[in-house]
Structure formats: C-alpha cells, structure tokens
Amino acid sequence: MTSTTLLTPARAPWRPRGDRPGPATERAYVRILAVSDTAVLAVAILIGYVGRFGDDKPSGTEIPYAVVAPGLLLVWLISLRAMRCYDDRVLGYGADEYRRVSSASLRLAGGIAIAGYLTDVGVSRGFLAISFVAGTIGLEVARFGARKRLHRARDRGAGWSRKVLVVGDTAHVLELVHTLHREPYAGYRVVGACIPDALLAPVPQRLGDVPVVGSFRGIPEAAAAVGADTVAVTASGELTATRLRRLGWQLEGTGVDLVVAPALTDVAGPRIHTRPVAGLPLIHVEAPEFRGVRKLVKGLVDRSVSLVALLLLLPALVVIALAVKLDSRGPVLFRQVRVGQGGREFGVFKFRTMVVNADALLAELAARNETDGLMFKMRGDPRVTRVGRLLRRWSLDELPQLANVLLGQMSLVGPRPPLPSEVARYDGDVARRLLVKPGITGLWQVSGRSDLSWEDGIRLDLYYVENWSLAADLTILWKTLGAVIHSRGAY
C-alpha cells in the first residue's frame, strides 16, 4: 500500500507554524555561517597584525603582509571546509561542530608552523599566534551565537530542521517521536510514520500528532510524499537485517539519510563505541564511572573552585546576609537536611528566603502544589519573603552551598539534592541519583528548574549520573550563567 492512499485529504496538521522548505533554509544557514566565519577570521588576522606590529610598518623583513593576510584567510576557510565544518549533520546540535572548528584551526596552525620551519620563511610568529588564538576563539563564539539563534527559531517552529520519517512498530515509534518532540532545538522534526502492514487500518491513522503515511513496503515512496530528508528506523520485529540493508540501497541517490535509532536511550556519545564484527555494527556501551582518577580530579576541582569563589564573593555574601536579617526576623542561613551520595544525610546551607514557620504552613498550601511528583513548587508562594523573592530569582540563596562543596558533601555540578521524605519514596531507578554527589547546579537547572515536570527532572538527573564528564560540567556551569540571568524556572 502506498503512502498516498493513507494521507488525510485535509490540511497537513503535522506541519508546525512557520515551516520553510528544509534545503533552502539549510543552505541559508550555511551561507550565514560562511559569511560569519569570514568576517571573524578577517578581524582576527587584523588583530594579529595590529597586536604584533601596532601602527608601524614591519621593519627588517621583506614579507608582504598585504598578501600574507588574505592568503591566511583563504587557507583558513579552506581548512574549515576540508574538516567539514559546514556539514549539516553536525550543525546546530552537539559538540562535534565545535570540535571540528577547533581541530581545523589547530591543524592549520601546526601545518603552517612546520612549513615555516622547513622553508625558513620569516613570517612573524607573534602575528600568527595572535591571529590563531583570536580566530579560534572568535569562531567558537560566533558558532555559539548562531546556534542559539537557530535553537530559538526551532522552538518557534520556524528554523531549519531535518524532516524525519519514523519507521517501526507503534510502541517504539511513539517513544522516538516523544523523544524528538521533547527537544525541538535538536533539529529533528517528525513529519510522518510507517508501521507494519498488520497494524494498518483502512482509514487515515495518527500516532499522537504524527500521521501514518505508509507501511514497510513503501518507505521510500512515503518519504518522498511527506518531503522527508531523513528516515529514522526504530525497533520492529519485521525489520530484519536483510530488509534494513535493502532499504539503505533503495535510499541511495535520493538525498534521504538513513538513521537507525537503537532501543538504548539516554546514553552519551563518549560511552558508546561502534565495532564491526562479522559485518554487524555492534554497539559497545561502557559502564558509568563512579570512581577513579577522573572522580578524584572532579573532587579537587570542586573544592578548589568553591574555596576561591567563597573568598571572592565574601563581600557580596555579607551584603546579602544583612539584607536577609533586616527584611524579616529569623536566622540568616537556613540549614535543611538533604540526602547526598550513598544515602548519607547532611545539612545543606542556603540563605533564608522564607518566613521562620514555613514548614508549618506547608500543609495548608499542599493543595496548591503546581508540580507533579514528590516536590512542592508554587508560584507566588506566600511563605517567601521580599528579599527571598529577589534571591530566588537570581539563585543567590544557593551561594552558601559553596561551603557544602568545600566540605565534600556536594559538587558544583550534579543532581538536585533531595529531601529525606523524597528519598523514602524512591523506586529502584530513581535511587540511582544517589550514586554521585548532589550539585549546586545541574542539568535540571539549565533546563528549566521549577518549570520541569518531576519525570523530566528525574530523567535529566539520571542522564547526568550515567554520563557525567568534566567537559559536561564546564558546559553546565556556562549554561547556568544564562539560566540565572534569564531567571528561567526560578520561583
């Protein structure tokens, strides 16, 4: 059965507002990146020249920098192209785009250094060093800004995204659709689904808000009918290895990418290794790391940074303490029992943001809880003081937790520290949050904080527990700054 016999004749409700033709928008985004990269590199090379020679003409050399500078710019752009820094598969999501940009710049710098040594060309090393440092940093910052604009456009349904046709049985299709819908900024927009023949009905079907446009017999035709540029295959008993290989042959030359989505989810790339064995691409998944040298380094970094931060922020801490004291009666610091690594309880420090009898008033407000799960969250909570609202908006009430980090009870980055009452109701999966130290910030904070559902908050915490890394910690700390500035989910 072909896809055309199953399409609903009415308007296509699965196309979000602001949809644009995918390839055209993609080409426009790549052009913008190319222009931005050219401008950044031109400025970086100018900075390198001025930083090395100032306003004076280079003396004691016959090197024509009026030729060297444009030549360096051209070679740099070619290096970016050669490293596939404009490949749509890495643009807009993930760290691979940044790695490729840095690798292209570093490899070019190394190549020029070797060539200069072998040929004894007298190009100023200071000029090259300043240019490459400024250019590499500038490229990363420009790419970050372009990505943020793309993410905002994708959230509105107006940005360039890959159009995905999901293939599999209904349960796995629904799960993959939910995963892709959860993070629209990743750039994968589902436009249709193909399910086994046995599940097809004689009338148009939908899986959630996704139309069923065909069966496994006509996947290429279904992809063409909905304008998909990606076919994502998820688990199904009918999709044997032979049929999947044949599907890859059918999609050759059509411009449609084939993506296989394994049943294993929420595992980060560094833990996944693909190894071909007897023609099978076996996926090896490394076990999470809960001890070892990297954990030791993380602990040393946590304590060192917390100590320096406490010393630098001491004047601000004193001012906040005075404001809390003058605003309402009660102690300046609020110490609450939380559960840390291994289920050990400890007292977490915060600036007091509520009235002194806040716990006693909680029972009266329980019916007004605005979140699901085991936490209590409420906008306009009457227990919060005037200064407390300001502190919560900018997350300043959590600064005393730097002392908990210094004492080794918490980490700078980690899961949210739970209450003992919450832990008492944990099931086996949620209890894995206690395998690592809780953090002052984490994925839960940079992803919405109180605006998150209980399920999403737990999912993010478990993802961090399974996939933590020092590089991820740095990224979360950087994103925390943006989350605090914009006060997302803070109440």
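Computed from a prediction, not measured in an experiment: that's the story for all the values here. (Residues numbered from 1 in each chain as written. Predicted model: local features only at pLDDT ≥ 70, side-chain atom pairs only at ≥ 80, totals over all residues. Heavy atoms only, no water.)

With respect to the overall build of the protein chain
- A tally of regular secondary structure across the protein chain gives 16 helices and 12 strands.
- In the protein chain, which comprises 491 residues, the share counted as buried stands at 42%.
- Taking the intrachain contacts of the protein chain between residues at least 6 apart in sequence as the baseline, contacts between residues at least 24 apart amount to 71%.
- Carbon and sulfur atoms make up 62% of the accessible area of the protein chain, which amounts to about 26200 Å² in all. (Helix = DSSP H or I, 4+ residues; strand = E, 2+ residues; numbered from the N terminus. Buried < 20%, exposed > 50% of the residue type's maximum accessible area, 1.4 Å probe, protein only. Contact = heavy atoms within 4.5 Å. Areas by Shrake-Rupley, 256 points an atom, 1.4 Å probe, with all protein chains shown as cover.)

Thoughts on the side chain of Asp302
- Tracing the chain through its elements places Asp302 in helix H8 (residues 293–312).
- The buried charged residue Asp302 lacks any salt bridge partner; its closest oppositely charged side chain belongs to Lys298, at an N-O distance of 4.3 Å.
- Setting aside anything within four residues of it in sequence, one finds Asp302 in contact with Val405, Ser411 and Leu412. (Lys, Arg positive; Asp, Glu negative; His and termini not counted. Salt bridge = Lys/Arg side-chain N within 4 Å of Asp/Glu carboxyl O.)

Here's the deal with the packing of helix H2 (residues 65–82) against helix H4 (residues 125–155)
- Viewed as axis vectors pointing N to C, H2 and H4 meet at an angle of 40°, and their least axial separation amounts to 13 Å. Judged on the interaxial angle alone, H4 and H2 are oblique. Here H2 runs over H4; the crossing is right-handed. In this structure, H2 uses Tyr65, Val68, Leu72, Trp76 and Leu80 to contact H4, whose residues at the interface are Phe127, Leu128, Ser131, Phe132, Gly135, Thr136 and Leu139.
- Its residues assigned to classes, the contact of H2 with H4 shows nine nonpolar, three polar and no charged. (Axes fitted to C-alpha atoms, helices over the stretch in contact; angles between N-to-C directions. Parallel < 35°, antiparallel > 145°, perpendicular 65-115°, else oblique. Left-handed = near helix turned anticlockwise from the far one by under 90°. Nonpolar A, V, L, I, M, F, W, Y, C, P; charged D, E, K, R; others polar.)

Some details on helix H9 (residues 314–327)
- For H9, with 14 residues, the first-to-last C-alpha span of 20 Å sits near the 20 Å given by 1.5 Å per residue.
- Residues of H9 that are buried include every one of Leu317, Ile320, Val324 and Asp327, and no others. Projected onto a plane normal to the axis of H9, the buried residues spread over an arc of 100° and lie on a single side. Within H9, the exposed residues directed more than 90 degrees away from the buried face are Pro315, Val319, Leu322 and Leu326. (Expected span 1.5 Å × (residues − 1). Arc of directions from axis to C-beta.)

Notes on a nonpolar patch on the surface
- A surface patch of nonpolar side chains, about 600 Å² in accessible area, is lined by Phe144, Leu390, Trp394, Trp478, Leu481 and Ile485.
- For the nonpolar patch, the element with the highest residue contribution is helix H16 (residues 470–486), accounting for three residues.
- What makes Trp478 exposed here is its relative accessible area of 53%. (Patch = residues over 30% accessible without salt bridge, like charges linked within 9 Å, V, L, I, M, F, W, Y side chains within 5 Å.)

What about the packing of aromatic side chains?
- For the coordinates displayed, the defined rule picks out five aromatic pairs.
- Between Trp76 and Phe132, the aromatic rings sit 4.6 Å apart at their centres with planes inclined by 40°, giving tilted as the arrangement. On the criterion of sequence distance, the pair formed by Trp76 in helix H2 and Phe132 in helix H4 is long-range, its members being 56 residues apart.
- For the pair Phe144 and Trp478, a centre-to-centre distance of 6.2 Å together with 70° between the ring planes defines the contact as edge-to-face. Linking Phe144 in helix H4 with Trp478 in helix H16, this pair joins segments that are 334 residues apart in sequence.
- Lying across the ring of Tyr86, Arg143 places its NZ or CZ 5.0 Å from the centre.
- Lying over the aromatic face of Trp160, Arg154 brings its terminal NZ or CZ to 5.0 Å of the ring centre. (Phe/Tyr/Trp six-rings, centres within 6.5 Å; stacked < 30°, edge-to-face > 60°. Lys NZ or Arg CZ within 6 Å of the ring centre and 35° of its normal.)

Quick look at the nonpolar core
- With 26 residues, the main nonpolar core has Tyr29, Leu72, Trp76, Leu80, Phe127 and Leu139 as its most contacted residues.
- Broken down by secondary-structure element, the contributors of at least two residues to this core are helix H1 (22–53), H2, helix H3 (96–119) and H4.
- Residues within four places of Phe127 in sequence aside, it is in contact with Ile45, Gly48, Tyr49, Arg52, Phe53, Tyr65, Val68 and Leu72.
- By size, the runner-up hydrophobic cluster in this structure holds 22 residues, among which are Leu310, Val348, Val387 and Leu443. (Core = buried A, V, L, I, M, F, W, Y, C linked by side-chain atoms within 4.5 Å.)

Some points on the pattern of salt bridges
- Under the definition given, this model contains 16 salt bridges.
- One salt bridge in this structure joins Arg162 and Asp88, with 2.4 Å as the shortest N-O distance. Of this pair, Arg162 sits in strand S1 (residues 162–167) while Asp88 sits in the loop between H2 and H3, and the two are 74 residues apart along the sequence. Just as Arg162 is buried, Asp88 falls in that class too.
- Between Arg386 and Asp327 there is a salt bridge, with the nearest N and O atoms lying 3.0 Å from each other. Note that Arg386 is positioned in helix H11 (residues 386–393) and Asp327 in helix H9, a separation of 59 residues in sequence.
- For Arg386, a relative accessible area of 66% puts it in the exposed group.
- One network of salt bridges, with partners in common, ties together Arg84, Asp87, Asp88, Arg89, Arg162 and Asp257.

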